[in-house]
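If you want the building blocks of each chain, they are given just below.
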Amino acid sequence: AGLIKFLNREPGSLSLHLVYQPIVSAVDQNFITGAEVLLRCRHDDLGFIPPNRVVNLCERLGLGLSLGRWLFREVARETRYIYQHLGFRGHISINLNPAMLTHKLADDVKELLIDGGIPPSTICMEITEDNAALEFGSINQLIERLKAMGITFALDDFGTGHSSLEYLRELKVDRLKIDRCFVDGIETSDDKARFLGSIIAMADQAYMKSVIEGVENQEQWLLVREMGGSLIQGYFAHKPMPMDDYTSLLLDLG
Ligand code: G
Ligand code: G
Ligand code: MN
Ligand code: NA
């Protein structure tokens with residue numbers, strides 16, 4: 001609340017809200033397995049501000065924990081309807097900002113997400129190198145502790161500077177989110193297609209589910225399905241949307 005007050009003060013107020021991008025099965029695009037929560041930021045004068053920039057700014061100002069805790073609360077509030085009234089059992093994937101990835105994470109998850117009404121088995125935490133300031137040993141301890149509560153983990157932006165092979169080898173995560181740059185052009189380049197195929201195979205070898213990001217057209221969709229990708233997140237299936245639209249979608253496809 002302190003953060004929102006700070007961000008909302010005049011002149012030129014900044015408002016934050018959340019959108020949800022469905023993640024679907026690669027074999028059946030009508031099967032919604034869950035959604036990733038994405039932060040959206042609007043400034044009165046500046047308009048849309050990229051979420052990364054707001055997250056980084058908050059981190060620098062020492063407001064990373066407030067931002068993360070606000071987001072947890074907001075997700076619990078917004079998802080309450082789909083979990084309690086629709087009996088939804090799909091996952092909700094949350095990007096952790098650096099300040100959240102500390103030993104206090106388990107307490108925050110319990111207090112704000114689980115006690116807030118989200119079933120622990122549906123919570124997926126997305127991490128990258130950026131928010132893994134701790135050493136691998138400490139992150140894995142944290143991961144183990146949260147996994148014991150039923151929570152799953154995804155390594156986000158895999159293959160970019162934000163998350164490298166070393167992270168794949170060292171971290172005990174359940175899912176690999178393959179960055180959209182590896183999907184770009186697969187429909188016109190065999191080399192690119194084979195390259196993506198080998199990353200998907202790597203996830204399989206590590207017994208991880210692959211989430212292919214940034215699938216934008218049917219050709220890409222069919223290729224990814226052929227390659228054995230597990231889950232798909234991209235504009236071809238669905239763009240990020242407000243919770244009301246996500247709820248309607250779940251009802252329509254229900
Ligand atoms: O939604 P969009 O493509 O604009 O997001 C760009 C990037 O911003 C994402 O890849 C992610 O790294 C970051 N981002 C979006 N929402 C959140 C959030 O809620 N928390 C954190 N830490 N990062 C986010
Ligand atoms: O944190 P992460 O990098 O997973 O966030 C995913 C980002 O990718 C979101 O900001 C979302 O808006 C964006 N995104 C999702 N699907 C597509 C897509 O098909 N094309 C493009 N260009 N961006 C996408
Ligand atoms: Mn993500
Ligand atoms: Na990503």
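The name an unreviewed UniProt entry gives the protein is Diguanylate cyclase/phosphodiesterase, with Marinobacter persicus as the organism.

Draft legend 1. Spatial organisation of the site of ligand 2. By nearness alone, 16 residues border ligand 2, and N95, G214, E216, G234 and Y235 come closest of all. Those elements giving two or more residues to the shell around ligand 2 turn out to be β2 (32–43) and β6 (152–158). Counted by class, the shell around ligand 2 contains four nonpolar, five polar and seven charged residues.

Draft legend 2. Just the site of ligand 1, in detail. As a matter of local geometry, ligand 1 sits amid V37, L38, L39, P50, P51, N52, V55, L71, N95 and N97. Secondary structure elements with two or more residues in the shell around ligand 1: β2 and α2 (51–60).

Draft legend 3. Broad picture of unusual backbone geometry. Positive phi is not limited to glycine here, since D157 has a value of about 55°. Its place among the elements puts D157 in strand β6. For Y207, which is not a glycine, the phi torsion comes out positive at approximately 55°. Here Y207 is to be found in the loop between α7 (190–205) and β8 (209–213). With 7 C-beta atoms packed within 10 Å, Y207 lands in the exposed category.

Draft legend 4. Region of the structure containing helix α5 (residues 136–148). In this model, α5 (13 residues) spans 18 Å end to end at C-alpha, consistent with the 18 Å of a helix rising 1.5 Å per residue. Among all positions of α5, only I139, L142 and I143 are buried. Each buried residue of α5 sits inside an arc of 100° when the element is viewed along its axis, so together they form one side. Exposed side chains of α5 directed beyond 90 degrees from the buried face belong to G137, E144 and A148. Each element contacted by the buried residues of α5 is listed here: α4 (105–114) and β6. With its phi angle positive at about 105°, G150 sits one or two positions after the end of α5.

Criteria and thresholds
Residues numbered from 1 in each chain as written. Chains lettered and ligands numbered in written order. Predicted model: local features only at pLDDT ≥ 70, side-chain atom pairs only at ≥ 80, totals over all residues. Near = placed C-beta within 6 Å. Helix = DSSP H or I, 4+ residues; strand = E, 2+ residues; numbered from the N terminus. Nonpolar A, V, L, I, M, F, W, Y, C, P; charged D, E, K, R; others polar. Buried ≥ 20, exposed ≤ 12 C-beta atoms within 10 Å, placed from the backbone. Expected span 1.5 Å × (residues − 1). Arc of directions from axis to C-beta. Contact = placed C-beta atoms within 7 Å.

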